[in-house]
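# Geometric and topological summary
Spelled out from the first residue to the last, the chains are:
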Amino acid sequence: MKKRRVLGIDPGLAHTGFGIIDSLGTSMRLVGYGVIETSADEDHSLRLLSIYNRMLAIIDEFRPTEAEMETLYFSRNTSSALAVAEAKGIVTLCLAQQNIPLTMYTPNQIKATVTGTSSADKETVERYVQLLLNMKVPPQPDHAADALAGAITHLHSTADKSI
């Protein structure tokens with residue numbers, strides 16, 4: 001049985017959440033998580049470059065074998081959606097350059113996999129991530145919790161069904 005290390009990503013221009021989980025068979029172990037933050041005071045292109053460079057550092061430190069990222073959810077705020085799409089593109093490029101396979105899941109798929117319902121709120125997702133990864137407290141901030149939930153979804157969705 002081969003150990004898998006999944007990098008979950010919740011993309012955003014101001015906050016890009018990340019979470020790393022190891023899996024061996026049916027067991028999961030939290031490796032690390034956090035958020036890449038950029039400031040609205042920075043030049044837009046420098047914010048994207050910062051996300052790229054920090055994602056490279058995370059990949060270099062944790063050496064994931066595969067990655068998961070939440071699909072873009074379009075809302076009424078198109079300028080916000082465009083900024084998220086740019087961050088998503090930067091992260092996708094970074095992963096492709098490092099030859100890390102990327103799978104995407106919708107927010108509803110992630111919530112349903114982690115909690116059993118696609119209508120779960122953020123606090124419920126955080127509590128389930130806490131339970132599933134045997135954490136003392138729920139992961140914070142919510143962008144990191146979402147990234148961990150995505151990594152859990154990926155492991156569950158791609159698990160060897162013959163086990």
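Reading guide: rules and limits
By convention here, each chain's residues receive numbers from 1 onward along its written sequence. Under the rules for a predicted model, residues below a pLDDT of 70 receive no local features and side-chain atom pairs below 80 are neither given nor counted, while totals for whole chains, interfaces and linings still include all residues. Hydrogen atoms and water are omitted, and side-chain values are computed over all heavy atoms in the structure. Categorising residues by exposure relies on relative accessible area from a 1.4 Å probe, with only protein chains included: less than 20% of the type maximum marks a residue as buried, more than 50% marks it as exposed, and the intermediate range marks it as partly exposed. Helix and strand labels come from DSSP, where a helix needs a run of H or I of at least four residues and a strand needs a run of E of at least two; each type is numbered from the N terminus. To be clear, the arc concerns the directions from the helix axis to the C-beta atoms. Throughout, a residue-residue contact means that at least one pair of heavy atoms, one from each residue, lies within 4.5 Å. In plain words, nonpolar cores are sets of buried Ala, Val, Leu, Ile, Met, Phe, Trp, Tyr and Cys residues tied together by side-chain atoms within 4.5 Å. Whenever two N or O atoms come within 3.5 Å, that pair is a polar contact, provided that in protein one can donate a hydrogen and the other can accept it, and provided that, for residues adjacent in sequence, both atoms are side-chain atoms. What makes a salt bridge here is a side-chain nitrogen of Lys or Arg within 4 Å of a carboxyl oxygen of Asp or Glu, nothing more. Helix axes are fitted only over the stretch in contact, all axes being lines through C-alpha atoms; the angle between N-to-C directions runs from 0 to 180 degrees. Here is the rule for angles: anything less than 35 degrees is roughly parallel, anything more than 145 is roughly antiparallel, 65 through 115 is roughly perpendicular, and the remaining ranges are oblique. Classification used: nonpolar for Ala, Val, Leu, Ile, Met, Phe, Trp, Tyr, Cys and Pro, charged for Asp, Glu, Lys and Arg, polar for all others including Gly.

## A closer look at helix α3 (residues 107-115)
- Listed as buried for α3 are P107, I110, V114 and T115. Along the axis of α3, the buried residues cluster in a sector spanning 95 degrees; they form a single face.
- Lining the buried residues of α3 we find β4 (66-70), β5 (102-105), α4 (122-132) and α5 (142-157).
- G116 sits one or two positions beyond α3 and adopts a positive phi of about 95 degrees.

## Here we look at the nonpolar core
- Counting residues in hydrophobic clusters, the biggest one holds 22 residues, and the most contacted among them are L7, M55 and L95.
- Secondary-structure elements contributing two or more residues to this core are β1 (4-10), β2 (15-24), α1 (44-62), β4 and α2 (78-97).
- Considering each element in turn, this core owes the most residues, seven residues, to α1.
- Beyond its immediate stretch of four places on either side in the chain, L95 contacts L7, I9, I59, A67, I100 and L102.
- Counting 15 residues, the second largest nonpolar core, distinct from the first, contains I21, I110, V125 and A151.

## A look at the side chain of D10
- Here D10 is to be found in strand β1.
- Of the polar contacts made by the side chain of D10, one reaches the side chain of H143; its length is 3.2 Å.
- With residues up to four places along the chain from it excluded, the contact list for D10 reads H15, T16, G17, E70, H143, D146 and A147.

## Focus on the pattern of salt bridges
- The full count for this structure, using the stated rule, is six salt bridges.
- We note a salt bridge from R5 to D22, for which the minimum N-O separation is 2.6 Å. Here R5 is found in strand β1, whereas its partner D22 is found in strand β2, with 17 residues between them in sequence. Residues R5 and D22 agree in their burial class; the two are buried.
- One network of salt bridges, in which partners are shared, links K3, R5, D22 and R29.

## Examining the packing of α3 against α5
- Here α3 crosses α5 at 75 degrees, and the two axes come no closer than 9 Å. It follows from the interaxial angle that α3 and α5 lie roughly perpendicular. Contacts from Q109, I110, T113 and V114 in α3 reach A149, G150, I152, T153 and H156 in α5.
- Taken together, the residues of the contact of α3 with α5 sort by class into four nonpolar, five polar and no charged.

## Brief notes about unusual backbone geometry
- Look at the link from Q140 to P141: it is a cis peptide, with omega at -5 degrees.
- Positive phi, normally seen in glycine, also occurs at N99, with a value near 55 degrees.
- Position of N99 among the secondary structure elements: in the loop between α2 and β5.
- For N99, a relative accessible area of 70% translates into the label exposed.
- Phi is positive for N134, which is not a glycine, with a value near 55 degrees.
- Positionally, N134 belongs in the loop between α4 and α5.
- Residue N134 is classed as exposed on the basis of its relative accessible area of 72%.

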